[in-house]
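Examining the three-dimensional arrangement
Residue-level listing of the chains:
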Amino acid sequence: MIKALIADDHPIMREGLKLFLVCNMDIEVEEVASGAEAVEYVRSHPNDLDIVILDISMPGMDGLETLRVLKDIDPQLPVLILSAYSEDQYALRALRSGANGYLMKTSATEELVEAVERIVEGGTYLSPSIAHRVTSQLRGEDLPPHHILSEREFEVMRKIASGKTLTQISQELNLSIKTVSTYRSRILEKMKFRDNADITQYALRHGLLSDAV
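Here goes a summary of the coordinates provided. (Residues numbered from 1 in each chain as written. Predicted model: local features only at pLDDT ≥ 70, side-chain atom pairs only at ≥ 80, totals over all residues. Heavy atoms only, no water.)

Another point: the overall build of the chain. A tally of regular secondary structure across the chain gives ten helices and six strands. For the chain, long-range pairs separated by at least 24 residues make up 65% of all intrachain contacts whose partners lie at least 6 apart in sequence. Carbon and sulfur atoms make up 50% of the accessible area of the chain, which amounts to about 10,000 Å² in all. (Helix = DSSP H or I, 4+ residues; strand = E, 2+ residues; numbered from the N terminus. Contact = heavy atoms within 4.5 Å. Areas by Shrake-Rupley, 256 points an atom, 1.4 Å probe, with all protein chains shown as cover.)

Counting buried residues along strand β3 (residues 51-55), five of its five residues qualify, which places the element largely inside the surrounding structure. Judged by which residues are buried, β3 turns out to be covered on both faces: I51, I53 and D55 on one side and V52 and L54 on the other are all buried. Both β3 and strand β4 (residues 79-83) contribute to a ladder of four bridges, which runs parallel. From the neighbouring strand, L54 faces β4, where its bridge partner is I81. Each parallel crossover has a hand, and for β3 linked through helix α3 (residues 63-73) to β4 it is right-handed. (Buried < 20%, exposed > 50% of the residue type's maximum accessible area, 1.4 Å probe, protein only. Pairing = 2+ DSSP bridges. Right-handed = clockwise from strand over helix to strand, strands pointing away.)

What follows concerns the nonpolar core. In this structure, V52, L54, I81 and M157 are the most contacted members of the largest nonpolar core, which totals 41 residues. Ignoring sequence-local partners within four residues, the contact set of I81 consists of L54, I56, G63, L67, A94, A99, G101, Y102 and L103. Of all hydrophobic cores here, the second largest spans 20 residues; its members include L80, V113, A115 and Y125. (Core = buried A, V, L, I, M, F, W, Y, C linked by side-chain atoms within 4.5 Å.)

Here the structure, examined in full by the defined rule, presents one aromatic pair. Aromatic pair F193 and Y202: ring centres 5.6 Å apart, planes at 55°, arrangement tilted. Looking at Y202, the relative accessible area reads 4%, which means it is buried. (Phe/Tyr/Trp six-rings, centres within 6.5 Å; stacked < 30°, edge-to-face > 60°.)

A few words now on the packing of helix α2 (residues 35-44) against α3. Axis separation between α2 and α3 bottoms out at 10 Å; the angle between their running directions is 10°. By the angle between their directions, the pair α2 and α3 is classed as roughly parallel. Residues G35, A38, V39, V42 and R43 of α2 touch α3, and the partners they reach there are T66, V69, L70 and I73. By residue class, the composition of the contact of α2 with α3 is six nonpolar, two polar and one charged. (Axes fitted to C-alpha atoms, helices over the stretch in contact; angles between N-to-C directions. Parallel < 35°, antiparallel > 145°, perpendicular 65-115°, else oblique. Nonpolar A, V, L, I, M, F, W, Y, C, P; charged D, E, K, R; others polar.)

Geometric descriptors of this kind do not, in isolation, establish any biological role.
This is the structure we're talking about:
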């Protein structure tokens, strides 16, 4: 039997995914409501999971940050990212952070079982609608400008664009304000931005914001 963990802050979504999986495959599913809870579960249950199904948009520690922490704890742990947001903005970054698959929530009921089975068997899964685009991006073709940012710089940029202060960002990411300020300076320099307004406009234009950042 497959052992899975679903991390999503929406109870209805968690329950729906769990019910769909249990009804369609031989699987046992645990649930958590946040990235922090997912990290704690994995730390307290070593080698207990076959797959983590991780929502990319959660308050506090979002899916990308949670993914990186989980891979630090157990580099071999299979992780499937679920997203309600523009695939081409996040799929490549998720894969580079160690995700084994990326699936839009709108396709979950059609593709979820296949994605879980393939990942548990050691493969990877991308929605057919984005496989070609991601392959092109991995070759370095048509990359949007923000891909020159490091993972942490990208994270800080999104939080600045969502209206968070440097103090709030430092608390959420467990970094010093000085470090966050340094990341901001690098973002401005690399992206040739003048100020936070430029950051926000760029993020809105490229669909990088979510209400849970």
